[in-house]
Amino acid sequence: MRYRNLFNSAPDGVSILDKKATILECSESMAKLYGYSSPEDLVGKNLTELMSTDSLKVFREKMHLLQNLESAEGEIRIIRPDGSFVDVWRKGHPVTDAQGNFSGILGYDRDISERVQVESEYKKLHQAVEQSANSIVITDVNGAIEYVNPKFLQVSGYTEEEIFGENPRVLKSEEHSKEFYEKMWHTLTSGNEWRGEFCNKRKDGSLYWESANITP
């Protein structure tokens, strides 16, 4: 009874599979994670039947490790009975029989859907910034350049290696007064957005005008 209570109260899904990945037993938390009302609904199903097509290749690669008595882990996507998906980080440990032969898998499943969603949104944002028609520069609080997008490199003539760690003042031309830059920095250090136009200098010394939005 104590074993059963521990098994079912585990926050991660817990399962015991045979050597062909058929579910012999699973915890209530795994059944809930996979979208089933009780563990009995999963018993007898092969884990591969519940996965998305993309996940099958990953799982089969990991099965080779388990068959060689090595632990394995990786990300898979489970298709729930209602058709929805759940992204799972699955860890498997090989189980052996009395002779030391591979006989099954002890598995742990953790819901990583939220993390996968955040990563997906980040990738979209990163792609949008990389493909932007506008020059984009990010600096640290001391003004050292940490990121520039391809458009900036195209316009300025610098490479990433040349510009990373530099201060944007390397672009400074002599077209503006000291007071112009002081006012701009005062706006930014006060926590406000600065908008305006200024003349910058490319790596080759030629000048170009920009309409800029600079945000702290």
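See the structure shown above.
Here the structure is a predicted model, which means the values were calculated and not measured.

Engineer: Would you mind going over the packing of aromatic side chains with me for this structure?
Structural biologist: When we look at a pair of aromatic rings, we describe it by the centre distance and by the angle of the planes. All told, the structure shown has four aromatic pairs when counted by the stated rule. With a centroid separation of 5.3 Å and an interplanar angle of 90 degrees, the aromatic rings of F180 and Y181 are classed as edge-to-face. Residue Y181 is classed as buried on the basis of its relative accessible area, which comes to 13%. The interplanar angle of 85 degrees and the centroid separation of 5.9 Å between the aromatic rings of F180 and W194 together place this pair among those described as edge-to-face. Of this pair, F180 sits in helix 7 (residues 178–189) while W194 is found in strand 8 (residues 194–201), placing the two residues 14 residues apart along the sequence. We classify F180 as partly exposed; its relative accessible area is 22%.

Engineer: Is there a simple way to explain the nonpolar core in this structure?
Structural biologist: Across soluble globular proteins, you tend to see nonpolar side chains buried next to one another. Counting residues in hydrophobic clusters, the biggest one holds 24 residues, and the most contacted among them are I23, Y34, L42, L47, L50 and I78. Of all elements in the fold, only strand 2 (23–26), helix 2 (28–34), helix 3 (53–67), strand 3 (72–79), strand 4 (85–96) and strand 5 (102–111) reach the threshold of two or more residues within this core. Ignoring any residue separated from it by four or fewer positions in sequence, one finds L50 in contact with I23, Y34, Y36, L42, K45, R77, I78 and I79. In terms of nonpolar packing, the next biggest core, distinct from the first, is built from nine residues, I145, F152, Y158 and L171 among them.

Engineer: I keep staring at the side chain of S29 and nothing clicks. Help me out?
Structural biologist: Tracing the backbone shows S29 in helix 2. Note on S29: relative accessible area 18%, which makes it buried. At 3.0 Å, the side chain of S29 and the backbone oxygen of A10 are in polar contact. Each residue touching S29, except ones within four places of it in the same chain, is listed here: N8, A10, P11, D12, G13 and V14.

Engineer: Honestly, the sheet that holds strand 4 in this entry has me stumped. Any pointers?
Structural biologist: Whenever strands of a sheet pair, they do so through backbone hydrogen bonds, lying parallel or antiparallel. Read across the sheet, five strands follow the order 2-1-5-4-3 without closing on themselves; strand pairing throughout is antiparallel. Sheet topology places strand 2 and strand 3 at the edges, where each strand pairs with a single neighbour. Strand-to-strand, the axes of this sheet are offset by a mean angle of 30 degrees, without reference to chain direction. Both strand 4 and strand 5 contribute to a ladder of nine bridges, which runs antiparallel. What sits directly across from W89, in strand 5, is R110. This element, helix 1 (residues 2–9), spans strand 1 (13–18) and strand 2 of the sheet and lies at about 90 degrees to strand 2.

Engineer: For this particular structure, what's the right way to read the layout of surface pockets?
Structural biologist: Gaps left between atoms show up when a probe the size of a water molecule is rolled over them. One number sums up the size of the largest pocket: a volume of about 1200 Å³. Taken together, 34 residues line the largest pocket, and the ones lying closest to its centre are V137, T139, P168, F198 and I214. Elements represented by at least two residues in the lining of the largest pocket include exactly strand 6 (137–139), helix 5 (150–156), helix 7, strand 8 and strand 9 (207–214). Ranked by the residues each element gives to the lining of the largest pocket, the list is headed by strand 9, at six residues. Broken down by class, the residue content of the lining of the largest pocket amounts to 18 nonpolar, eleven polar and five charged.

Rules behind the numbers
Residues numbered from 1 in each chain as written. Predicted model: local features only at pLDDT ≥ 70, side-chain atom pairs only at ≥ 80, totals over all residues. Heavy atoms only, no water. Phe/Tyr/Trp six-rings, centres within 6.5 Å; stacked < 30°, edge-to-face > 60°. Buried < 20%, exposed > 50% of the residue type's maximum accessible area, 1.4 Å probe, protein only. Helix = DSSP H or I, 4+ residues; strand = E, 2+ residues; numbered from the N terminus. Core = buried A, V, L, I, M, F, W, Y, C linked by side-chain atoms within 4.5 Å. Contact = heavy atoms within 4.5 Å. Polar contact = N/O pair within 3.5 Å; in protein donor to acceptor, adjacent residues only side chain to side chain. Pairing = 2+ DSSP bridges. Axes fitted to C-alpha atoms, helices over the stretch in contact; angles between N-to-C directions. 1 Å grid on protein atoms, 1.4 Å probe; cavity = no way out; pocket = protein on both sides within 12 Å on 5 of 7 lines; lining within 4 Å. Points joined across faces, edges and corners; volume = space filled by probe spheres on them. Nonpolar A, V, L, I, M, F, W, Y, C, P; charged D, E, K, R; others polar.

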